[in-house]
Amino acid sequence: MYDKASIALIPSGYKAGSTDNLYSVLPANGNGDFNATRGSTATRVNKDGLIESVATNVPRLDYPLTNGVVGDCPHLLLEPSRTNLITDYTGAGFTAFNGASITANDSVSPDGSINATLMTTTGGANELIQQASITILSGQSYTISGYFKIKSGTLNDTDNGFKGLDGFSGGITGSTFNSTLTNEWQRLSFTITSTTTSGRVQIKCEDAAEILIWGLQVELGDYETSIIPTSGSAETRLADVCNSAGTSAEFNDSEGVLFAEIAALANDGTDRVIEVSNGSGNRLSIRFPSNDNQIRFFGRAGGSTQTNQFISVNDATAFNKIALKYEQDNVVGYINGVKVFTDTTFANLFVNLSELDFAQYNLSNPFYGKCKQLIVFNETLSDSELQTLTS
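The following paragraphs examine the structure supplied in this document. (Residues numbered from 1 in each chain as written. Predicted model: local features only at pLDDT ≥ 70, side-chain atom pairs only at ≥ 80, totals over all residues. Heavy atoms only, no water.)

**Points about the overall build of the protein chain**
So, step 1. Looking only at helices and strands, one finds one helix and 31 strands in the protein chain.
So, step 2. Computed over its C-alpha atoms, the radius of gyration of the protein chain comes to 23 Å, within 12% of the 21 Å expected for a compact globule of 391 residues.
So, step 3. When its C-alpha atoms are laid out on the principal axes, the protein chain stretches across 75 × 35 × 35 Å.
So, step 4. A buried classification covers 52% of the 391 residues belonging to the protein chain.
So, step 5. For the protein chain, long-range pairs separated by at least 24 residues make up 68% of all intrachain contacts whose partners lie at least 6 apart in sequence.
So, step 6. Put simply, the protein chain shows about 15200 Å² of open surface, and 46% of that area lies on carbon and sulfur atoms.
So, step 7. The positive charge centre, built from 24 side chains, and the negative charge centre, built from 41, are 1 Å apart in the protein chain. (Helix = DSSP H or I, 4+ residues; strand = E, 2+ residues; numbered from the N terminus. Rg over C-alpha atoms; globule rule 2.2 N^0.38 Å. Buried < 20%, exposed > 50% of the residue type's maximum accessible area, 1.4 Å probe, protein only. Contact = heavy atoms within 4.5 Å. Areas by Shrake-Rupley, 256 points an atom, 1.4 Å probe, with all protein chains shown as cover. Lys, Arg positive; Asp, Glu negative; His and termini not counted. Charge placed at Lys NZ, Arg CZ, Asp CG, Glu CD.)

See below:
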């Protein structure tokens, strides 16, 4: 069936500094390459499992990392703009209290450098390290995260933890560190609604222990994003933008299939879109709506909606294989090997299709998430082919 593909993005190659800088496997002439931009540096996990920074406008080919094991193939990572309010993400800029101590640049961190901070406690009461007060907005969702591991000692006290204070009061990852921290790096996070205009982050341990800390982050939003390094001040990572693949030669107005193997980031209250369009009102899209764990199949042509189907899935933030087939009087959707709808009610063809975007045709409602594959077929596929494709 892949011989019917006209555009195939399987994230594997890019070129820094060019306009069409994210390469598609098909077509060979480069018509399917994407223009991937971002007005700042950003971080990714590289093929060695290390977190590294990439330059402005370089697309992020991010390797999955599970229990310290790096996956074989990267996915494209697209994220919104976020600001890390922690002014020293290594934790070295925190202040120690009540017998705790801080040693900067003690050990190798998840980026492969010797820049992890060591927090040492002696087992006394209320030993902790703490970030100075951060200016925040009251009544907003903030996500607080960090990488941690045990260097030595045993955690038993029930008051050990990674906490938010003042405007972040009540936040803690799990209930304590005791059942969480190991001798391997892991990222812990929690989301909390702020109650005042200032907040602090605290790491507390009332056992005799050595805890390594790195990658501390406070960001406005309902979920954690990739690490934003800081050194003395808050830093902002700007949004990823990825669009403008294809020409009219790669699309068939009469029939075709849009296929994606994708995972959305957590619900941010927007409609997150991957779309084939004519650069205007004629368009077919796979969307992640503001409803949790739904996928929306949408088509509009001739000034009217042709199909608009909302399908529930177990987890929209996990990778799902999704296909949207269109032909005269027939639109079909598949998710993970299952046909989820057939719509024969539409009347207009999707004429003059000419581009593929990780956004709506006017570049609103960008898709934020992870993409392993994005393929356009300019011929229809059979039910058996669609089932195989999405299984």
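**Re helix H1 (residues 383-390)**
Structurally, the α-helix is built with 3.6 residues per turn, so residues lying three or four positions apart point the same way.
So, step 1. Every buried residue belonging to H1 is among Glu385, Leu386, Leu389 and Thr390, and all of these are buried. Looking straight down H1, one finds its buried side chains confined to an arc of 120°; they lie on one side.
So, step 2. Buried residues along H1 sit against strand E22 (256-264), strand E27 (320-327), strand E28 (330-335), strand E29 (338-343) and strand E31 (369-377). (Arc of directions from axis to C-beta.)

**Points about the pattern of salt bridges**
So, step 1. For the structure shown, the criterion picks out 21 salt bridges.
So, step 2. Note that Arg60 is salt-bridged to Glu79, the shortest N-O span being 3.0 Å. Of this pair, Arg60 sits in strand E5 (residues 60-62) while Glu79 sits in the loop between strand E8 (75-78) and strand E9 (82-84); the two residues are 19 residues apart in sequence, bridging distant segments of the chain. Across the pair, exposure class does not vary: Arg60 and Glu79 are buried alike. (Salt bridge = Lys/Arg side-chain N within 4 Å of Asp/Glu carboxyl O.)

**Comments concerning the sheet that holds strand E17 (residues 186-193)**
So, step 1. Taken in spatial order, the five strands of this open sheet run E11-E12-E19-E15-E17, and their pairing is antiparallel. Here the strands that pair on one side only, and so sit at the sheet edges, are strand E11 (101-108) and E17. In this sheet, neighbouring strand axes are inclined to one another by 35° on average, regardless of whether the strands run parallel or antiparallel.
So, step 2. For strand E15 (residues 141-153) and strand E19 (residues 208-220), the ladder comprises ten bridges, and the chain directions are antiparallel. Counterpart to Ser152 in the pairing with E19 is Glu210. (Pairing = 2+ DSSP bridges. Axes fitted to C-alpha atoms, helices over the stretch in contact; angles between N-to-C directions.)

**Describing the sheet that holds strand E23 (residues 272-277)**
So, step 1. As summarised here, the arrangement of the five strands in space is E26-E25-E24-E23-E30, forming an open sheet in which the pairing is antiparallel. The sheet terminates laterally at strand E26 (304-312) and strand E30 (355-357), the two strands that pair on one side only. Adjacent strand axes in the sheet meet at a mean angle of 10°, parallel and antiparallel pairs treated alike.
So, step 2. Relative to strand E25 (residues 294-301), strand E24 (residues 283-288) runs antiparallel, the two being bridged by five bridges. Along E25, the bridge assignment pairs Arg287 with Arg296.

**A short note on empty space enclosed by the protein**
So, step 1. In this structure the tally under the stated criterion is two cavities of 30 Å³ or more.
So, step 2. The volume enclosed by the largest cavity comes to roughly 50 Å³.
So, step 3. For the largest cavity, the full set of lining residues is Phe251, Val257, Leu258, Val276, Leu284, Leu324, Tyr326, Val376 and Phe377.
So, step 4. Secondary structure elements with two or more residues in the lining of the largest cavity: E22, E27 and E31.
So, step 5. Classifying every residue of the lining of the largest cavity gives nine nonpolar, no polar and no charged.
So, step 6. In this model, the second largest cavity occupies a volume close to 40 Å³.
So, step 7. Lining of the second largest cavity is provided by Ala36, Thr37, Arg38, Asn57, Val58, Pro59, Arg60, Leu76, Leu77, Leu78, Asp240 and Val241.
So, step 8. Of all the elements in the fold, those that place two or more residues in the lining of the second largest cavity are strand E2 (35-37) and E8.
So, step 9. Per-element tally for the lining of the second largest cavity: the top contributor is E8, with three residues.
So, step 10. Taken together, the residues of the lining of the second largest cavity break down into seven nonpolar, two polar and three charged. (1 Å grid on protein atoms, 1.4 Å probe; cavity = no way out; pocket = protein on both sides within 12 Å on 5 of 7 lines; lining within 4 Å. Points joined across faces, edges and corners; volume = space filled by probe spheres on them. Nonpolar A, V, L, I, M, F, W, Y, C, P; charged D, E, K, R; others polar.)

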